[in-house]
Amino acid sequence: MLVLLPPSETKALGGSGAPLDLDLLSHRELTPVRGKLVDALVDLAADVPASLAALGLSERQAGEVERNAELRRSPTLPALARYTGVLYDALAPAELTRTERSRAFARLSVASALFGVVGGGDPIPAYRLSGGSALPSVGPLGGLWRPALEPVLAAADEFVVDLRSSPYTSLARIPHAAVIRVVTEDGKGRRNAVSHFNKAHKGRLARAIVKSRSEPGDLRGLIRLAVRAGLRVEPTGPRTADLIV
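The structure presented is a predicted model; accordingly, all values stated were derived computationally and were not measured.

Undergrad: Even after reading the chapter, I still don't get the overall build of the protein, so can you show me in this structure?
TA: In terms of regular secondary structure, the protein is built from 10 helices and 12 strands. For 245 residues, the compact-globule formula gives about 18 Å, and the C-alpha radius of gyration of the protein, at 18 Å, lands near that figure. Considered along the principal axes of its C-alpha atoms, the protein spans approximately 55 × 40 × 35 Å. By the burial criterion, 51% of the 245 residues in the protein qualify as buried. Taking contacts inside the protein between residues at least 6 apart in sequence as the whole, the part at least 24 apart equals 69%. When the accessible surface of the protein is totalled, it reaches about 11400 Å², and 53% of it is carbon and sulfur. Across the protein, the centroid of the 32 positively charged side chains sits 6 Å from that of the 25 negatively charged ones.

See below:
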């Protein structure tokens, strides 16, 4: 199976891996676009005010621009260790056993504005670029990523679970993916999408997926797995389900 997680704005710093090598990332057919964006970010970092404006950052976040300037030279970490925040706290990759970590690297991928999509174990540096950004030299990212990324994801011949957030779903459509919505339910059975704790519950679902020895091949199997892990997930359509919290 292929589970697509949203990234995080925050990244762990440092790392012990060699500097970025695009040829080591999953889906090497994305290398030309990745290289173009890396070059664009590095070049833009030479102009700090322009970088802050393009990335939607404040002057207090100038360190993010410095990290972009070092993209090709800074150390790397596996993607699941690089991304931080609420979802990745709930996933807690550092607490997984060696076997579970292998499953995580095999089953989980992360949507990325810079790399398109990376495998959980792919070695990446710290960077700052959001899905809704537009860089002066390349324009909005959707126009750059959709022609390259959609064919790659459409070619996936495995069960795809889409947990991405909206800025990243706009970078590539995946019509055949199962989409999980995180919702609350009131006393009358009405459901509303969760915003604040959305990522935490997606992280718990991802953790359940990698801790399971069995690998679901369809939405029904995913729901059974989630229920065994103590999560309440109910189908809402052939390729959609609600995670009710």
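So much for the structure itself; the text now carries on.
Undergrad: How should I be thinking about helix 10 (residues 219-228) in this particular structure?
TA: At 3.6 residues per turn, the α-helix brings residues three or four places apart onto the same side. Listing the buried residues of helix 10 in full gives Leu219, Gly221, Leu222, Ile223, Leu225 and Ala226. Lining the buried residues of helix 10 we find strand 8 (160-162), strand 9 (178-185), helix 9 (198-211), strand 11 (232-237) and strand 12 (240-244). A positive backbone phi angle near 90 degrees is found at Gly230, which sits one or two residues after helix 10.

Undergrad: Explanation requested: the packing of helix 1 (residues 31-44) against helix 7 (residues 141-154) in the structure shown.
TA: Pairs of packed helices are described in terms of their axes, by the angle between the two and the distance that separates them. Packing of helix 1 against helix 7 leaves a shortest axis separation of 10 Å and a crossing angle of 160 degrees. Between helix 1 and helix 7, the interaxial angle falls into the category roughly antiparallel. The hand of the helix 1/helix 7 crossing is left-handed. Each of Val33, Arg34, Lys36 and Leu37 in helix 1 lies in contact with helix 7, whose residues at this interface are Leu141, Leu144, Trp145 and Ala148. Its residues assigned to classes, the contact of helix 1 with helix 7 comprises six nonpolar, no polar and two charged.

Undergrad: It is not clear to me how the packing of aromatic side chains should be interpreted in this structure. Could you clarify?
TA: Applying the stated criterion to the full structure yields three aromatic pairs. Aromatic pair Tyr83 and Tyr88: ring centres 5.9 Å apart, planes at 25 degrees, arrangement stacked. Exposure remark for Tyr83: the relative accessible area of 2% places this residue in the buried category. You can call Tyr88 buried: its relative accessible area is 4%. The structure contains a cluster of three or more aromatic residues connected by ring pairs, namely Tyr83, Tyr88, Phe115 and Tyr127.

Undergrad: Whenever I open this one, the pattern of salt bridges confuses me. Can you help?
TA: A side chain of one charge can pair with a side chain of the opposite charge when the charged atoms of the two come close. Going through the model one piece at a time under the given rule, you end up with 17 salt bridges. Residues Glu215 and Arg107 are paired through a salt bridge, measuring 3.7 Å at the closest nitrogen-oxygen approach. Here the residue Glu215 occupies a position in the loop between helix 9 and helix 10, and Arg107 occupies one in helix 6 (residues 98-107), the gap between them amounting to 108 residues. Of the residues examined, Arg107 reaches a relative accessible area of 5% and is grouped as buried. A single salt-bridge network, built from bridges that share partners, covers Arg181, Glu185, Arg191, Arg232, Glu234 and Asp242.

Undergrad: Help me understand the packing of helix 6 against helix 9 in this model?
TA: Two numbers describe how helix 6 lies on helix 9: the axes approach to 8 Å, and their chain directions differ by 115 degrees. Put simply, helix 6 runs roughly perpendicular to helix 9. Regarding helix 6 and helix 9, the two cross each other, and that crossing is right-handed. Each of Glu100, Arg103, Ala104 and Arg107 in helix 6 lies in contact with helix 9, whose residues at this interface are Ile209, Val210 and Lys211. Among the residues forming the contact of helix 6 with helix 9, the class breakdown is three nonpolar, no polar and four charged.

Quick notes on the rules
Residues numbered from 1 in each chain as written. Predicted model: local features only at pLDDT ≥ 70, side-chain atom pairs only at ≥ 80, totals over all residues. Heavy atoms only, no water. Helix = DSSP H or I, 4+ residues; strand = E, 2+ residues; numbered from the N terminus. Rg over C-alpha atoms; globule rule 2.2 N^0.38 Å. Buried < 20%, exposed > 50% of the residue type's maximum accessible area, 1.4 Å probe, protein only. Contact = heavy atoms within 4.5 Å. Areas by Shrake-Rupley, 256 points an atom, 1.4 Å probe, with all protein chains shown as cover. Lys, Arg positive; Asp, Glu negative; His and termini not counted. Charge placed at Lys NZ, Arg CZ, Asp CG, Glu CD. Axes fitted to C-alpha atoms, helices over the stretch in contact; angles between N-to-C directions. Parallel < 35°, antiparallel > 145°, perpendicular 65-115°, else oblique. Left-handed = near helix turned anticlockwise from the far one by under 90°. Nonpolar A, V, L, I, M, F, W, Y, C, P; charged D, E, K, R; others polar. Phe/Tyr/Trp six-rings, centres within 6.5 Å; stacked < 30°, edge-to-face > 60°. Salt bridge = Lys/Arg side-chain N within 4 Å of Asp/Glu carboxyl O.

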